[in-house]
Amino acid sequence: MIRKTAVALALAWLVPLATHPLRLDFVLPLLVLAGTVAIQRGAVSLVDRVVVAAAQLFGAACVFGLAITLWPGHLHPTLIAGTAFTVLVLVATATKRMPEMPKMRKDALLALAVGGVSVVALVPYAVRDLGGRLGLPLAGEDIARHYLLFDVIGRTGGYLFMRPESLRPFVPDAELTGIANYPQGLHFSYAVLDRFVRSSGHNAAPATAVDVMVWLLVGTYLLLALAILWAARRIAGPGATTTRLLPVLGLVGAWLVLGDPVTVLSRGYPNELAGLACAAVLTALVARPLTRLGEQTATVALLLVGVSFTYALFLPYAGIVAALWAVRARLWRRWWAWVCAVAVGALAAIGPLTAAQASSGGQLLLNGTARVVDRPATALLVALAAAGVLLSNGRRAPRLRAAGFALATAGVMAVGLGAYQIATLGRPVYYFDKLLHLLIVVALCTLGGLARFQLRRTAVVAVPVALFMLVAGGEWHTTPVAPGVKLALGKDRGSPEAARDALLIARMFPDGGGAVNVDLMGSPWRNWSATLGAAALQGQYRQFPGWSGLLYPGGKGGTMADLDRLVANSPVTVRFFLHDPAASLLVVDTDHPSRPGVQPGQPLPVAFGDPAAPSNIEAARLLAAKYPTKVQLVYATPANP
């Protein structure tokens, strides 16, 4: 045993040392996953072990990031892989578990469902160029700050909440605390995976880095889909036949690609996707625990950490359902469970505590850019999930009682926050929809209870519901075509022109070129999003907020005097990117702006400014003449003129 351990420890470092010069580091995360799968004993089938191992590794990576932030090796793939392999060898030695192949249980229906969802989700991104892919989440704005965290963690080698001063060169002082304390478990994981994908110890050029991040975002959604479909299959129970599972998994898959979950992807919320995936796996493991208590405890603990480090809003749900399992397992009788509870409590508290520093007192009342959840469809889904638990003697099955408890917990959280927002604001807003996303995911997992019914009964319900999801969407299910259909057909384009402008600016000046780069080439939303995107890609987000108010089309706008003042007060050179002579954004009077009338939902015209005010090119030329050493003009040719 000692000899085998010594050989394994040697290979733990020799393999990463060999792959790095060959630029094959991308295989190392797969080997770590395979090793984690091979030492599992609490799950029997391959798919069970893969999902559980992925959940364990993500939670472990979040914890590992605390140590990596303090060590001098930063994010070099050889060091990280060598350490991960060493830990796996030591765990296998301590538990006396030799790696073994899991049973290849036939689960073709689950594989087919996962494959179908993957194809539908991948196609809209695969057929687009980088600008088209980046343009989808860029319309939601938040992706720029997610990229900023991903980029700066890669530059500095660890969590920014542990050393916020390292973020100061990249963000405005007023936003330092908020951005530095945003949950960063997923950004850290992305930065690490980026190193393995490229076999590099350093950050890539902006275009390469953001391309990797967008594909990692898509991959996170696919992992969410796998987690939900697997959870529904697991909650259905080992006795569920293929014929009974067919309409259930078909309905879950249809909801994933047609309904609200796909909007979390298209709007660019990677943290929420990861938090929802952790919640889905936790829901399944609370309903049907692993057969080994130690593995179950470790997995639940790591899932709580994963939720904390990605989306703390979901942590109350995760904590409540985890407590249900702990009570059912009578963990209070075991001394080591109390030690584990203290350790997990301390680690899981990091997310909420840092988020509290990043948030204002009225955080739960803030509005945002998330798409409003389809209310009737969500109510129908919850009703179906509840029916699967309550009917056909489902209450007698412990797994369905636990799933019903999870569904009720998620529902009470959403209703409670909605009532609070209505009482305070008169209407539900942003975070209510986020909790509805959690409720949708838990309900999709709980749909596994419908597998207790005969195929004919379930199909009679599932097929019309899937068609109902296909034909419409929107807050009250009144918008023609579902969100997923719009994405697949290219109707949901996001801001591809803005993304291509941002990429053009970043390629010309990867580090900003010592200036703030302002896009004035086209329509107002394009200019605003491109300036934001370029600032994030170039590491110059610190300069953006001052220009945001002038460029933002939803505000009062700005006058020539306002633009002059921004240039005069800028601490760095101002570089204007120009193209379309008709492009305009300035007004003469901000209290009474004269602008073209635009119907709601229609794109804003390129000539959006007051006809009496200078056009973008005219204003930039006037400022270049007035400030010849401070203003630079770039007459660019964008990909989408």
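Going by the structure above, here's the rest.
Read on for an overview of the structure. (Residues numbered from 1 in each chain as written. Predicted model: local features only at pLDDT ≥ 70, side-chain atom pairs only at ≥ 80, totals over all residues. Heavy atoms only, no water.)

### Here's the deal with the overall build of the chain
The helix and strand inventory of the chain stands at 27 helices and five strands. Dimensions of the chain along its principal axes, counting C-alpha atoms only, are 75 × 60 × 45 Å. Look at the contacts in the chain between residues 6 or more apart in sequence, and 80% of them connect residues 24 or more apart. Of the accessible surface of the chain, which amounts to about 26,000 Å², a share of 66% is contributed by carbon and sulfur atoms. In the chain, 53 positive and 31 negative side-chain charges are present, and the distance between their average locations comes to 17 Å. (Helix = DSSP H or I, 4+ residues; strand = E, 2+ residues; numbered from the N terminus. Contact = heavy atoms within 4.5 Å. Areas by Shrake-Rupley, 256 points an atom, 1.4 Å probe, with all protein chains shown as cover. Lys, Arg positive; Asp, Glu negative; His and termini not counted. Charge placed at Lys NZ, Arg CZ, Asp CG, Glu CD.)

### Regarding the sheet that holds strand β4 (residues 573-578)
In space, the three strands of this open sheet follow the order β3-β4-β5, with parallel pairing throughout. The open sheet has two edge strands, β3 (515-519) and β5 (631-635), and neither has a second partner. Each adjacent strand pair in this sheet contributes to an overall mean axis angle of 25 degrees, direction not counted. Sheet strands in contact with helix α23 (residues 496-508) are β3, β4 and β5, and its direction is about 150 degrees off that of β3. (Pairing = 2+ DSSP bridges. Axes fitted to C-alpha atoms, helices over the stretch in contact; angles between N-to-C directions.)

### Focus: the pattern of salt bridges
Taken as a whole and judged by the stated rule, the model has 21 salt bridges. Across the salt bridge formed by glutamate 272 and lysine 434, the nearest N and O atoms sit 2.6 Å from each other. Of this pair, glutamate 272 sits in helix α13 (residues 270-287) while lysine 434 sits in helix α20 (residues 430-446), and the two are 162 residues apart along the sequence. For arginine 371, the salt bridge identified is with aspartate 492, shortest N-O distance 2.9 Å. A residue pair is termed long-range when its members are at least 10 positions apart, and arginine 371 in the loop between α17 (350-358) and α18 (375-390) and aspartate 492 in the loop between α22 (483-489) and α23 qualify at 121 residues. (Salt bridge = Lys/Arg side-chain N within 4 Å of Asp/Glu carboxyl O.)

### Observations regarding the environment of alanine 54
Inspection of the secondary structure puts alanine 54 in helix α3 (residues 46-68). Placed 224 residues apart in sequence, alanine 54 and cysteine 278 show a C-alpha to C-alpha distance of 9.9 Å.

### Some details on the packing of helix α5 (residues 108-126) against helix α11 (residues 242-258)
Look at α5 against α11: their axes get within 10 Å of each other, and the N-to-C directions meet at 15 degrees. What the angle tells us is that α5 and α11 run roughly parallel. Handedness of the crossing formed by α5 with α11: right-handed. Mapping the contact onto sequence places Leu109, Leu110, Ala113, Val117 and Val120 in α5 and Thr242, Leu245, Leu246, Leu249, Gly253, Leu256 and Val257 in α11. When the residues that make up the contact of α5 with α11 are grouped by side-chain class, the tally is 10 nonpolar, two polar and no charged. (Parallel < 35°, antiparallel > 145°, perpendicular 65-115°, else oblique. Left-handed = near helix turned anticlockwise from the far one by under 90°. Nonpolar A, V, L, I, M, F, W, Y, C, P; charged D, E, K, R; others polar.)

### Notes on α11
Counted at 1.5 Å a residue, the expected span for α11 with its 17 residues is 24 Å, and the 23 Å between its end C-alpha atoms agrees. With 12 of 17 residues buried, α11 lies mostly within the body of the structure. (Expected span 1.5 Å × (residues − 1). Buried < 20%, exposed > 50% of the residue type's maximum accessible area, 1.4 Å probe, protein only.)

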